[in-house]
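Chains, contacts and geometry: an overview
Below are the chains, spelled out letter by letter.
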Amino acid sequence: QYNLIMDLKKKILLFIFVAELAADCEQAEDPSRVIVAGGSLTEIIFFLEEERVLTAVDITSNYPESATSLPSIGYVRALSTEGILSLNPTLILGEEDMGPPLVVDQIKLTGVDLRVIEEDYSLNSIKNKIICVAKILGIEKKGEQIFREKLNNTIIDLQTLSIVNQNNLKKVLIILSMDGTSPIVAGKNTSANGFIEMMGAENAVTSFDGWKPVGAESIIQMNPDMVIITERGIRNFESINEFIEKTSLGFTSAGKNGKIFALDGMKMLGFGPRSPDTALELAKIIN
């Protein structure tokens, strides 16, 4: 098995830098006053050690902690044209869910440089976002060097372990929050589904797309091998044991084997620099 793993690592290393960058990644004329709408992009700017250019961020930009001291433009999906433009940005970076659409259209009409960074919830997209932001900021070579030094080995290890895990496929359930007593869980075509696939596992939910509430009986029937709930989702419970008891998760394989975890949602689902490390930690213990 050791030889197989080493062979996989060599193959992964050959392909890790071949992803294409979108046209929106062209270098900005003036990246001196940057506003960010999207927590993963803020994390990337700090990861690239370019936080000095940040003028304001949205409220999902809560990591690192120092980002929370910057002026806020509100929630990424409910932005205000006036609020953003009043801060005199030279460059605006947004995730794909930046909105509402009317605000995005209004900003484009002003001529301010606005870039919406594409996302497909994969390991490649994390690398793409980091290099894309570096290219926009005019530090492409620095960005590639930082990526190699800080993330390249993690991604190789994760991709290798993911392939190994696929030989003994486990089911994972990710819970975003609670709707009364019903967990809101991730179906297909979600960031959580992409995160599960990064681990070399499969989504316990196969019957729907998006995020939906499901009852205890459905979860027991799914019988996930691992359950992950966001820290925001579990905050109304005194402990993880109370959460397990009130959601009947103790009847699942995950509950019986002690594989129910509460994690920072952005670490998992943000698809920023922290997501590969988080996926690797979980991939190591899922089997």
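This report concerns the structure included in the present document. (Residues numbered from 1 in each chain as written. Predicted model: local features only at pLDDT ≥ 70, side-chain atom pairs only at ≥ 80, totals over all residues. Heavy atoms only, no water.)

1. Details of the state of the cysteines
Put simply, the rule is: When two cysteine sulfur atoms are found within 2.5 Å, that pair is recorded as a disulfide. Secondary structure elements follow DSSP: runs of H or I no shorter than four residues count as helices, runs of E no shorter than two count as strands, and numbering proceeds from the N terminus. Whether a residue is buried, partly exposed or exposed follows from its accessible area with a 1.4 Å probe, protein chains only, as a fraction of its type maximum: under 20%, in between, or over 50%, in that order.
Counted under the stated rule, the structure contains one disulfide. Two residues, C25 and C132, share a disulfide whose sulfurs are 2.0 Å apart. Between C25 and C132 the sulfur-sulfur dihedral comes to about -100°; the bridge is accordingly left-handed. Within this pair, whereas C25 is found in the loop between α1 (2-15) and β1 (34-37), its partner C132 is found in helix α5 (residues 123-136), the two being separated by 107 residues in sequence. Just as C25 is buried, C132 falls in that class too.

2. Observations concerning a negative patch on the surface
Going by this rule: Within the patch definition used here, like charges are joined within 9 Å and nonpolar side chains (Val, Leu, Ile, Met, Phe, Trp, Tyr) within 5 Å, considering only residues with over 30% relative accessible area and no salt bridge. For the accessible areas, the method is Shrake-Rupley and the probe is 1.4 Å, while residue cover comes only from the protein chains on display. Counted as salt bridges are all cases of a side-chain nitrogen of Lys or Arg within 4 Å of a carboxyl oxygen of Asp or Glu. As used throughout, the charge tally considers Lys and Arg to be positive and Asp and Glu to be negative, leaving His and the chain termini uncounted. Charge coordinates come from a single atom per side chain, which is NZ of Lys, CZ of Arg, CG of Asp or CD of Glu.
Taken together, D24, E26, E96, E118 and D120 make up a surface patch of like negative charges. Note that D24 resides in the loop between α1 and β1.

3. A look at the pattern of salt bridges
Between side chains of opposite charge, pairing is possible as soon as their charged atoms come close. Under the definition given, this model contains nine salt bridges. The partner of K150 in a salt bridge is E49, with the nearest N and O atoms 3.5 Å apart. With K150 in helix α6 (residues 140-165) and E49 in the loop between α2 (39-47) and β2 (54-57), the pair connects residues that are 101 residues apart, well separated along the chain. When salt bridges that share partners are traced, they join E43, D264 and R274 into one network.

4. Concerning the nonpolar core
What counts is decided by this rule: Residues grouped as a nonpolar core are buried Ala, Val, Leu, Ile, Met, Phe, Trp, Tyr and Cys residues, joined through side-chain atoms within 4.5 Å. Whether two residues are in contact is decided by their heavy atoms: any pair within 4.5 Å suffices.
With 51 residues, the main nonpolar core has I45, L48, L93, I130, V172, F195 and M199 as its most contacted residues. Ranked by residues supplied to this core, first place goes to α5 with eight residues. In this view, I45 contacts V34, V36, E50, E51, V53, L54, L93, V133 and L137; residues no more than four positions away in its chain are not counted. I175, M178, I244 and A254 belong to the second largest nonpolar core, which has 19 residues in total.

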